[in-house]
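Close look at the chain arrangement
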Protein chains: 6
Amino acid sequence: MFIIKKRFHFSAAHRLCSDAMSEAENFAAFGKCASPNYHGHNYVLDVAVTGEMNPLTGMVINYDELKRIVNDEIIEALDHKNLNMDVDFLRGEITTSENLARLIWERLAPRIKGARLYEITLGESNDNIATYRGEV
Amino acid sequence: MFIIKKRFHFSAAHRLCSDAMSEAENFAAFGKCASPNYHGHNYVLDVAVTGEMNPLTGMVINYDELKRIVNDEIIEALDHKNLNMDVDFLRGEITTSENLARLIWERLAPRIKGARLYEITLGESNDNIATYRGEV
Amino acid sequence: MFIIKKRFHFSAAHRLCSDAMSEAENFAAFGKCASPNYHGHNYVLDVAVTGEMNPLTGMVINYDELKRIVNDEIIEALDHKNLNMDVDFLRGEITTSENLARLIWERLAPRIKGARLYEITLGESNDNIATYRGEV
Amino acid sequence: MFIIKKRFHFSAAHRLCSDAMSEAENFAAFGKCASPNYHGHNYVLDVAVTGEMNPLTGMVINYDELKRIVNDEIIEALDHKNLNMDVDFLRGEITTSENLARLIWERLAPRIKGARLYEITLGESNDNIATYRGEV
Amino acid sequence: MFIIKKRFHFSAAHRLCSDAMSEAENFAAFGKCASPNYHGHNYVLDVAVTGEMNPLTGMVINYDELKRIVNDEIIEALDHKNLNMDVDFLRGEITTSENLARLIWERLAPRIKGARLYEITLGESNDNIATYRGEV
Amino acid sequence: MFIIKKRFHFSAAHRLCSDAMSEAENFAAFGKCASPNYHGHNYVLDVAVTGEMNPLTGMVINYDELKRIVNDEIIEALDHKNLNMDVDFLRGEITTSENLARLIWERLAPRIKGARLYEITLGESNDNIATYRGEV
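Reference entry: report on the structure contained in this document. Note that the structure is predicted; figures quoted are calculated from it, not measured.

1. Quick word on the interface of chain F and chain B
On the side of chain B, 20 residues touch chain F, which itself brings 20 residues to the contact. Across the chain F to chain B interface the summed buried area is about 1,600 Å²; carbon plus sulfur atoms make up 49%. When residues of chain F are sorted by the area they lose upon contact with chain B, Asn37, Asn42 and His80 of chain F head the list and together hold 39% of the total. Counting every contact that joins chain F to chain B gives two salt bridges. The partner of aspartate 79 of chain B in a salt bridge is lysine 32 of chain F, and the shortest N-O contact between them spans 3.1 Å. Run the count over chain F and chain B and you get 19 residue pairs in polar contact (both at pLDDT 80 or more). Elements that contribute at least two residues to the side of chain F that touches chain B include exactly strand 1 (2-14), strand 2 (39-51) and strand 3 (81-82) of chain F. Ranked by residues supplied to the side of chain F that touches chain B, first place goes to strand 2 of chain F with four residues.

Given below as structure tokens:
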């Protein structure tokens, strides 16, 4: 079994808040992460793919092809953006790291050809890291 | 499947030795790690939790709640301590990284509510890292 | 000569823009860093202090005292905030890393007693790092 | 379940190319990684082992014994070498990170006694990391 | 005083050898770094610039402009190359990290406008790092 | 001007306490770092050397020679030891990071030949780092 992981970086603003809760409830649930004018992170995104090794090339997936897909679908949309305001596929979503990992999975999984998405890991800091493995 | 990981740090002294062995046997088994007056490490502890995402909050577990539990149960007991001498729940135990990971698991697992402990990873350096997954 | 460095972290939103320039000029000057709804970073702040070693304690400055000062004056004000909107001592300032380093210096320098501030280093990412050394 | 991981480093030259392809095909498949006079990396090798904890020693495997095995079998053969030219057990192989991980697995698995090899992870940079888990 | 540092990465092959010495002398001087078929590294290059802060932009130098210059002059020439064979401005030079830092300084210094090159730091690994400060 | 830096690691136990103070005064001065049964760290030691580049070898100092000197004089004496009890040249000294940096300087400076010691940097964690530059 092979797992190929490529690391990406993006810097974005966000705040944690749910439209289904009042501001007071949001602060109770999310603490300082609900700060109204946003804060931000240097996110670290690890995209892991699994599959068979092509005996001709010795590769499961070409790192450059994976890079192109993730840059096109994710990094260009999220980097130097406000995750609560600027990103179509995050509209109305809570921007916790686990939910972002899930939504990035949903967007990337159909784009990986000849191999399968294995897991999405998103760190909003070195200390807080979420992993999502969906159905493929 | 979601895995939420939070990283903790503590600095502690220890030595590897078993009460069931003589000093000569301890040195044969543990080498310089048996040095009698202790040495120490900046330990890196990764606590990983799994569970369902609460659709209201977008969270599997609140990082702040996880932080409070691990600080209360583990970090306060181990940080700036001698692991062989100062810690009640390590009394009589060999302080290898794998055994420490197991003992931290035993202590934390019953305290995680609404989600399940997934794995405990304890690095005594960047090069030596032990992971334990117990029954839940 | 002794230099004592302590590292701090804060997560904040910002955008680069100058009130003296039009939006078009801001984009020309700052590129994607001028993105209107803010982006953000995990900032790494290194506070370096110099002075004589107290022979009684073996310390130039107590790390805990330095931590208390920087937390009180800087981290509490900046962490999980919008640097362009939420911080009194950054009002009207351009939030480039070099200007932030300078403004943090101005705020911290008079608070360090028994030693002198040596330099402020602020990294907005692992790749972009600014250092400021002012007059003391 | 215990997983013991030890990290190793080696610096080596390589290029990606397959004897089954022409130079033009190699460039089409591998891009700049096919550069003819080689390039190189500081490889990071993580060797993970699983097994039962010996109650007498509190260890799954002795880190020092693991270190000796991996140094003897792998690091001495690969460090400061050209992976395409200098290494017997890589002769005729494509030196992608996933194929190297597989070949290192094949070489190490029979040498681990009293525990089982769990996975081999080989990073050719912080961004490109391959994992292989074989049969044991 | 401001110092602006930007970090770059390139992967390259090299060997240490001097045309003025025999192979035996090269091995005596450089040990395994003289290995004949080359080895390689992930080099980390820090380019530090000093100057006045432009009050209109809050910048000493625009990180994007610095990035463009260093990519054009250095990274494109060195990345995925053999430093002993493929690079015009390294022809006949010994590729120690200190000499590379000096040669990168010579090439970059005249290209920095409106600010001055302050120092070049080149790490061939996390453990071996050379800094050069030339005349400006 | 060239600065050559080599990084070393050692793991040791210590506590902060001065023979000139009572236990109560030690706790007042050093807080949890005075914990009586010791704690410990993975210390990171950066040894920086300056000098002219030898045109024949392209080196200021041979990294391997520097490694041998620092291993012989420092690492062998400190690694896996108790800094308050086990080390001759630390006898009676307060083991703060700044004082350790000073004492390592005193021990290493006369051993560096053909180049000059530039600075000693000792980190007891990623957050607390002391630098000492003495007379040469």
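2. Things to note about the relation of the copies chain F and chain B
In this arrangement, two copies of a chain are superimposed by a rotation about an axis accompanied by a shift along the axis. With an RMSD of 0.0 Å, the operation that places chain F on chain B is a rotation of 180° combined with a shift of 0.0 Å along the axis. In the structure described here, the two chain copies are related by an operation that fits a two-fold rotation axis. Of the residues that chain F buries at the interface, 100% are likewise interface residues in chain B, meaning the two copies contact each other through the same surface.

3. Thoughts on the packing of helix 2 (residues 63-78) of chain F against helix 3 (residues 97-108) of chain F
Residue and element names in this part refer to chain F. Between helix 2 and helix 3, the least distance of the axes is 10 Å, while the angle of their chain directions is 140°. With respect to their mutual orientation, helix 2 and helix 3 come out oblique. The hand of the helix 2/helix 3 crossing is right-handed. Every residue of helix 3 that contacts helix 2 at Ile69, Val70, Glu73, Ile74 and Leu78 is listed here: Ile104, Arg107 and Leu108. Among the residues making up the contact of helix 2 with helix 3, the classes are represented as six nonpolar, no polar and two charged.

4. Thoughts on helix 1 (residues 23-30) of chain C
All names here are of chain C. Listed in full, the buried residues belonging to helix 1 are Asn26, Ala29 and Phe30. In an axial view of helix 1, the angular spread of the buried residues amounts to 75°, which keeps them on one side of the axis. Helix 1 presents Ala24 and Ala28 as exposed residues on the side facing more than 90 degrees away from its buried surface.

5. A look at the interface of chain B and chain D
Listed by partner, the interface residues are 20 residues for chain B and 19 residues for chain D. Between chain B and chain D, a total of about 1,600 Å² is buried, with carbon and sulfur atoms accounting for 52% of that surface. Three residues, Glu98, Asp127 and Arg133 of chain B, lead the burial of chain B against chain D; their summed loss comes to 33% of the area buried on that side. Applying the counting rule to chain B against chain D returns zero salt bridges. Elements with a contribution of two residues or more to the side of chain B that touches chain D: helix 1 (23-30), helix 3 (97-108) and strand 5 (128-132) of chain B. The element best represented in the side of chain B that touches chain D is strand 5 of chain B, accounting for five residues. Grouping the constituent residues of the side of chain B that touches chain D by class yields eight nonpolar, seven polar and five charged.

6. Quick notes on the relation of the copies chain B and chain D
Take chain B, turn it by 120°, move it 0.0 Å along the axis, and it overlays chain D with an RMSD of 0.0 Å. Expressed as an axis order, the relation between the two copies is that of a three-fold axis. Ranked by how close their C-alpha atoms come to the rotation axis, the residues of chain B are headed by asparagine 126 of chain B, at 8.3 Å.

7. Remarks on unusual backbone geometry
Residue and element names in this part refer to chain C. Backbone geometry places histidine 80, a non-glycine residue, at a positive phi of 60°. Along the chain, histidine 80 turns up in the loop between helix 2 (63-78) and strand 3 (81-82). According to the relative accessible area criterion, histidine 80 is buried, its value standing at 9%.

About the cut-offs
Residues numbered from 1 in each chain as written. Chains lettered and ligands numbered in written order. Predicted model: local features only at pLDDT ≥ 70, side-chain atom pairs only at ≥ 80, totals over all residues. Heavy atoms only, no water. Contact = heavy atoms within 4.5 Å. Buried area = accessible area lost by both parts, 1.4 Å probe. Salt bridge = Lys/Arg side-chain N within 4 Å of Asp/Glu carboxyl O. Polar contact = N/O pair within 3.5 Å; in protein donor to acceptor, adjacent residues only side chain to side chain. Helix = DSSP H or I, 4+ residues; strand = E, 2+ residues; numbered from the N terminus. Least-squares fit on C-alpha atoms with pLDDT ≥ 70 in both. Axes fitted to C-alpha atoms, helices over the stretch in contact; angles between N-to-C directions. Parallel < 35°, antiparallel > 145°, perpendicular 65-115°, else oblique. Left-handed = near helix turned anticlockwise from the far one by under 90°. Nonpolar A, V, L, I, M, F, W, Y, C, P; charged D, E, K, R; others polar. Buried < 20%, exposed > 50% of the residue type's maximum accessible area, 1.4 Å probe, protein only. Arc of directions from axis to C-beta.

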